[in-house]
Every structure is written in C-alpha cells, then in structure tokens.
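If you want the building blocks of each chain, they are given just below.
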Amino acid sequence: MRVTFPHMGNLYIPIKAMLQYLGVDVVVPPPSSKRTLTIGAKYGPEFACLPLKLNLGNFIEAHEKGADTIIMAGGCGPCRFGYYAQIEHAILKDLGHDMKLIVLEPPQKHLSELLAKIKELSGNSSWWQIFQAIRFGYRKARAVDEVEMASFRSRPREATPGSTDRAYMKSLEKLDRADSQAAFVEAVRNAGEIMSGVDVDSKRQVVKVGLVGEIYTLLDPFSNQYLERTLGRLGAEVDRSIYLSEWVNNHIFMGLLKGHRSRKEACEAAHPYLRHFVGGHGQESVGNAVNFARAGYDGIIQVFPFTCMPEIVAESILPEMRADYGMPVMTMIMDEHTGEAGTLTRLEAFVDLLARKKEAKEVTCN
C-alpha cells in the first residue's frame with residue numbers, strides 16, 4: 001500500500017510525519033501547480049469548487065508517482081465537501097486510475113468508523129503507537145503554524161526584500177526532515193532561530209489584515225494566489241482565522257488542548273448576525289470577522305472558492321458587520337480562471353485604502 005493525500009498548504013508536513021511514524025509508505029503529490037489545476041479542471045465537474053479540482057489533480061499526479069491508496073477527509077452538513085471523496089474516486093476510476101479510497105469521517109459523527117479506518121492504515125501498530133504518531137503529527141502542525149505566524153509578522157517589516165521567504169522555506173524544510181522526536185525538538189529550535197534572525201524594521205508602519213473564509217483557500221497558497229505573501233510585500237501584517245493545528249484541536253481533539261482559539265468563541269461572536277451552522281466555516285467566518293474588528297484590525301479579506309455555499313451565506317451577512325464596525329471588507333472568490341494580475345491590482349488598492357484610512361484616523365486622534 002502506497003498512500004497519498006491531497007495538498008492543502010503545508011498539510012503534507014504533519015500528515016507525512018504521522019504516516020511515516022507508523023511505517024506507512026507515503027507518496028507526497030507534487031506541489032499544486034498550473035498542471036495540477038489543468039488536470040483537475042479537465043476531468044472535474046465544471047461547477048465543482050476549486051478544492052475538488054486541485055485534489056483530483058493531486059491524486060492523478062500522485063498515481064503517476066506510484067500511489068495506489070488515497071486518504072481523504074469526509075464531512076457532514078450543508079457543505080458539498082462531504083461528497084467530494086466519492087466523486088473524485090468515481091472520476092479516477094472512469095479514467096483508469098484504480099486507487100483504493102480511505103475516507104476519514106469527522107469524529108463527532110463517526111468516531112468508531114474513524115478509529116477503524118486509522119487501524120486499517122496503521123496495520124500492526126498498537127493503539128499506543130497510533131497515539132504517538134498522531135501526537136507527532138500534531139506537534140509538527142503546531143510548529144508549522146508558528147513558523148507561518150512569524151513570517152506574517154516579519155514580511156511587511158523585513159529590511160531585505162525576500163529574506164522572510166528564504167527563512168520561511170528553510171524553516172519548513174528543517175521541520176519536514178525531522179523524523180524522530182529528538183530531531184523534531186532540534187528542528188523547532190533551529191526554525192525559531194532562523195525566523196527570529198530575519199532583519200526587520202520594527203518602527204515601520206504597517207496595516208493589519210484579518211483573513212477569513214473557507215479553510216482550503218485560506219491554507220493553500222496556490223489556490224489563493226499566494227495571498228499572504230503578496231499582502232506582506234505590500235506592507236500588510238496578516239492573520240488567519242484558521243490554522244491547521246487549531247482545526248485539529250477543534251475537530252479531532254474536541255477543543256481539549258489549550259492555547260488555541262476555539263470554534264465556539266467564533267460562533268458566539270457571530271450570534272448577532274448568524275446564529276446557526278450553515279456548513280463549512282460560514283458561521284466561523286462571520287464570527288472571526290467580528291473578532292478581528294474588535295481587536296482593532298484595519299481590514300478584513302474573505303476568501304473562498306467559487307460556488308462555496310457556506311461562504312456565500314457569510315458574504316451576504318458581512319456587509320452588516322462592516323457597517324456596524326466601520327471595517328473595510330473585501331471578498332475574493334477563487335477558481336481556475338482567477339488571474340494573478342487582477343488579484344494583485346485589487347490587493348494593492350485595498351492595502352492603499354487601509355493605509356490612508358489609518359493615517360487619517362491617526363491625524364484625527366492627534
């Protein structure tokens with residue numbers, strides 16, 4: 001069994017670590033690219049959202065590298081993501097890619113089924129070994145998130161253009177290569193030193209932008225046109241409403257681990273505008289936008305794939321929140337036709353708007 005999984009930003013680092021810890025033969029698909037998207041768009045349904053098309057491309061490219069088994073997350077509720085694994089598997093079968101599919105359903109609804117699938121993947125591993133593997137993967141996810149956060153802070157303030165990106169890639173490489181607990185501790189220390197070693201101008205004025213939206217397009221740089229990197233280079237410090245380790249804590253560990261923002265807090269913040277679950281991260285998008293506004297951020301960007309139903313609901317509600325808090329909000333809808341030039345132009349205009357608004361506010365206060 002040679003196992004693969006979809007790309008979603010830096011997800012491959014903790015997933016690979018967890019599976020290899022259990023002795024599973026892992027095939028990491030090539031990073032998502034224009035070729036990946038071209039393949040997925042060619043064979044996927046036209047009005048399916050961007051993640052399905054990229055995932056389909058990931059699986060075909062992984063099969064070309066010898067993968068024969070797919071691990072895919074499941075889902076429940078109004079979001080169509082819960083059907084995507086089966087749709088992708090049927091398309092792959094029609095194309096002659098005979099691959100086994102293992103769907104890991106959410107533990108809130110399918111705990112016994114999830115445990116059975118994990119045991120199937122792990123072979124002869126004991127439950128203690130499985131626990132240690134999951135713990136190792138989670139620790140890597142948390143370390144990756146901390147490196148990403150450090151890059152968000154330093155990129156708009158870096159003294160040498162590109163220094164943050166170089167430090168970021170070097171840090172991720174060290175975390176990815178750590179294949180034991182001892183090596184991981186050393187990698188975390190090295191990554192911290194590398195990121196803190198970026199020369200920054202701490203007095204530089206920057207604007208703060210909160211990113212909300214659908215998890216895949218938030219976490220995957222290729223699907224969001226490298227949004228965080230572009231904003232940083234334009235002089236904006238960003239923060240996301242979702243980080244991988246937070247998602248794991250909220251949905252796998254039931255929010256038991258401390259030190260994370262909770263889904264419950266976001267849903268409570270959304271209550272004046274949206275009081276019930278609408279699928280995906282729609283309710284959290286509204287609540288996190290409120291939390292960013294309360295925290296004094298200068299602007300909010302909502303990003304989601306074309307036809308994403310939960311985020312369309314959130315998009316229709318955000319103007320009311322924007323009016324209440326006087327918070328500029330921009331919506332970015334991504335699909336295979338989204339152009340880099342148009343995206344850059346919109347971001348430049350938005351950051352310029354925020355900078356002028358912030359400057360005018362500071363003049364008024366003084």
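Residues numbered from 1 in each chain as written. Predicted model: local features only at pLDDT ≥ 70, side-chain atom pairs only at ≥ 80, totals over all residues. Heavy atoms only, no water.

Participant: What am I meant to see in the overall build of the protein here?
Facilitator: Looking only at helices and strands, one finds 15 helices and 8 strands in the protein. Over its C-alpha trace the protein gives a radius of gyration of 21 Å, about what one expects of a compact globule, namely 21 Å for 366 residues. Across its three principal directions, the C-alpha atoms of the protein cover 70 × 45 × 40 Å. When the 366 residues of the protein are sorted by exposure, 53% land in the buried category. For the protein, contacts bridging at least 24 residues in sequence account for 71% of all contacts bridging at least 6. Summing over all exposed atoms, the protein offers an accessible surface of approximately 17100 Å²; the carbon and sulfur share of this is 56%. Charge-centre separation for the protein: the mean point of 43 positive side chains lies 3 Å from the mean point of 44 negative side chains. (Helix = DSSP H or I, 4+ residues; strand = E, 2+ residues; numbered from the N terminus. Rg over C-alpha atoms; globule rule 2.2 N^0.38 Å. Buried < 20%, exposed > 50% of the residue type's maximum accessible area, 1.4 Å probe, protein only. Contact = heavy atoms within 4.5 Å. Areas by Shrake-Rupley, 256 points an atom, 1.4 Å probe, with all protein chains shown as cover. Lys, Arg positive; Asp, Glu negative; His and termini not counted. Charge placed at Lys NZ, Arg CZ, Asp CG, Glu CD.)

Participant: For this particular structure, what's the right way to read the nonpolar core?
Facilitator: Most often, soluble globular proteins keep nonpolar side chains buried together rather than apart. Counting 31 residues, the largest nonpolar core has Val 209, Leu 211, Leu 227, Leu 231, Ile 301 and Met 332 as its most contacted members. Discounting residues that sit within four places of it in the chain, Met 332 has contacts with Leu 227, Ile 301, Gln 302, Val 303, Phe 304, Thr 343, Arg 346 and Leu 347. Among the nonpolar cores identified, the runner-up in size contains 19 residues, and Ala 289, Val 290, Ile 300 and Met 321 belong to it. (Core = buried A, V, L, I, M, F, W, Y, C linked by side-chain atoms within 4.5 Å.)

Participant: I tried to follow helix H12 (residues 263-270) on my own but got confused; where do I start?
Facilitator: Helical periodicity: at 3.6 residues per turn, an α-helix aligns residues three or four positions apart in one direction. Within the sequence span of H12, burial applies to Ala 266, Cys 267, Ala 269 and Ala 270. For H12, the arc enclosing every buried residue in end-on projection is 160 degrees, short of the 170-degree limit, so these residues lie on one face. Against helix H13 (282-294) lie the buried residues of H12. (Arc of directions from axis to C-beta.)

Participant: Looking at this structure, I do not really get the side chain of Ser 163. What am I missing?
Facilitator: Position of Ser 163 among the secondary structure elements: in helix H7 (residues 163-177). The exposure class of Ser 163 is buried, given its relative accessible area of 15%. The contacts of Ser 163, once residues within four sequence positions are left out, are Glu 158 and Val 198.

Participant: I keep staring at the sheet that holds strand S3 (residues 69-73) and nothing clicks. Help me out?
Facilitator: Whenever strands of a sheet pair, they do so through backbone hydrogen bonds, lying parallel or antiparallel. Strand order in the open sheet formed by 4 strands is S2-S1-S3-S4, and the pairing between neighbours is parallel. Two strands close off the open sheet at either side, each with one partner strand: strand S2 (25-26) and strand S4 (100-104). Examined bridge by bridge, S3 and S4 share 5 bridges and lie parallel to one another. Its bridge partner lying in S4, Ala 73 is registered against Leu 104. (Pairing = 2+ DSSP bridges.)

Participant: So what exactly am I meant to see when it comes to the pattern of salt bridges here?
Facilitator: Side-chain pairs of opposite charge can arise where the charged atoms are in close proximity. Inspection of the entire model under this criterion finds 20 salt bridges. A salt bridge links Lys 100 to Glu 120; its shortest N-O distance comes to 2.6 Å. In this pair, Lys 100 is assigned in strand S4 and Glu 120 in helix H5 (residues 107-122), connecting sequence segments 20 residues apart. Where Arg 142 meets Glu 146, a salt bridge forms, and the shortest distance between an N and an O atom there is 3.9 Å. Here Glu 146 and Arg 142 lie together in helix H6 (residues 127-154), a separation of 4 residues that amounts to about one turn. Overall, the relative accessible area of 26% leaves Arg 142 in the partly exposed class. What makes Glu 146 partly exposed here is its relative accessible area of 41%. Taken together, the salt bridges that share partners define one network made up of Arg 35, Glu 61 and Glu 64. (Salt bridge = Lys/Arg side-chain N within 4 Å of Asp/Glu carboxyl O.)

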